[in-house]
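Results of the structural survey
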Amino acid sequence: ERGMKGKYKVIVQNNRLHYELEIRRNITIIQGNSATGKTTLVNMLRQAENLGNSSGIDVQCDVPCRILEGTSWKLILENSQKTIFFIDEENAFMNTEEFASAVCKSDNYVVLITRENLYNLPYSVEEIYGLHSSGKYQNTRKVYQQMYQIYSNMENVPVKPEMLITEDSNSGYDFFYAVAKEKHMECMSAEGKSNIYFKLNGLEQKEVCVIADGAAIGPEMNRLYEIVRKKKRIHLYLPESFEWLVLSSGLIEGKDIENMLEEPEKYIDSKEYFSWERYFTKVLVDRTQDSYLQYRKAKLNAAYLHERNKRTILKSIRGIEF
């Protein structure tokens, strides 16, 4: 039984409001202030589900869109397939370990409407959205609400770092450590994404660049973003993962890899891969299996540091000058 994959457009509308969302991973976060119509969206979905046509609400999507709430949330989640569940922040189960593992095994996508950081869940920096009214229909009576990425384009580039901080100490760290050493820069591992914030707090004087997996850094973004806003010399570079970086550098050739990188959501089974970086690791490991570039996550194969290979990978990193 395959899990859910792909990108889904969701339209929820009545005669006054029109919401348009695009959901492309198993976990999407919609946050933002109270007045942005998040609760209204949930209420409209609930009415459409309970009252059907007589609700006056039209929900368009290729898969069912439902509200997940109440005490039987787990039963419902486990007994549903290929459904997008919307969950509002007053459901405390959203913060639990139990919920995280249920979502992990589930064959559904979840959209979490919350301002909290959900540390149990690996969600992507790319999938944290706010809602805003788009101005293009001002003259009609309808209000059009769309999603926008909260943490897009936050880079003040180009960065010339004096110090690199990687999220943890495996192949990605080995690679950047070697590059840093050659350029007389420092490089250290934060030993886990939740420690990045504390490592940054002590750093004042240096140009620092944090390199971390964008695919699962979501829960840390609130506080990391605060630091970046306050301290101009701290920069975040958040590719999906180091393996994604290697794949997108073109080092490993293949039209199929290019196609996959263009629309990963078409290829990544959400039941099999809780978070996208696991998928990119598997692709890289599989594709290099019997070659001199054989990849292992735990420790970097030295072939990746051969001058030409190293340059190929570094060249695909936009915005940092090594």
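Residues numbered from 1 in each chain as written. Predicted model: local features only at pLDDT ≥ 70, side-chain atom pairs only at ≥ 80, totals over all residues. Heavy atoms only, no water.

1. Let's talk about the packing of helix H4 (residues 171-182) against helix H10 (residues 307-315)
Under the convention used in this document: For helices, the fitted axis covers only the stretch in contact; all axes are lines through C-alpha atoms, and the angles between them, taken along N-to-C directions, range from 0 to 180 degrees. Only runs of H or I of at least four residues qualify as helices and only runs of E of at least two qualify as strands under DSSP, and these elements are numbered from the N terminus. In what follows, roughly perpendicular refers to angles from 65 to 115 degrees, roughly parallel to angles under 35, roughly antiparallel to angles over 145, and oblique to any angle outside these ranges. Whether two residues are in contact is decided by their heavy atoms: any pair within 4.5 Å suffices. Classes in brief: Ala, Val, Leu, Ile, Met, Phe, Trp, Tyr, Cys and Pro nonpolar; Asp, Glu, Lys and Arg charged; the others, Gly included, polar.
Contact pair H4 / H10: the axes reach a minimum separation of 12 Å and the direction vectors enclose 100°. One element, H4, and the other, H10, form an angle in the roughly perpendicular class. Contact residues: H4 offers Phe175, Val179 and Glu182, while H10 offers Lys310, Ile313 and Leu314. For the contact of H4 with H10, the per-class residue count stands at four nonpolar, no polar and two charged.

2. What about the sheet that holds strand S2 (residues 17-23)?
As a reminder of what qualifies: By definition, two strands form a pair when at least two bridges between them are found by DSSP.
Spatially, S4-S1-S2-S9-S8-S3-S7-S6-S5 is the arrangement adopted by the nine strands of the open sheet, whose pairing is mixed. Of all the strands in the sheet, the pair left with one neighbour each is strand S4 (58-60) and strand S5 (65-67). Within the sheet, the average angular offset between the axes of one strand and its neighbour, ignoring direction, is 25°. Where strand S1 (residues 8-13) meets S4, three bridges bridge the pair, whose relative direction is antiparallel. Opposite Ile11, over in S4, you have Gln60 as the bridge partner.

3. Section: the confidence of the model for the protein chain
This is how the line gets drawn: On a range of 0 to 100, pLDDT expresses the predictor's confidence in each residue.
Put simply, the protein chain has an average pLDDT of 92, and 95% of its residues get 70 or more. At the low end of the mean pLDDT range in the protein chain sits strand S9 (residues 143-149), at 87; at the high end sits S4, at 98.

4. Observations concerning the sheet that holds strand S10 (residues 163-166)
One open sheet holds the four strands; their spatial order is S11-S10-S12-S13, and the pairing between them is parallel. On the outer flanks of this sheet lie strand S11 (186-189) and strand S13 (234-237), each paired with one strand and no other. Averaged over all pairs of adjacent strands, the angle between their axes in this sheet comes to 20°, without regard to strand direction. One ladder, built from four bridges, connects S10 with strand S12 (residues 208-211); its direction is parallel. The residue bridging Ile165 from the neighbouring strand is Val210, located in S12. Its contacts with the sheet place H4 against S10, S11 and S12, and it is angled at close to 165° to S11.

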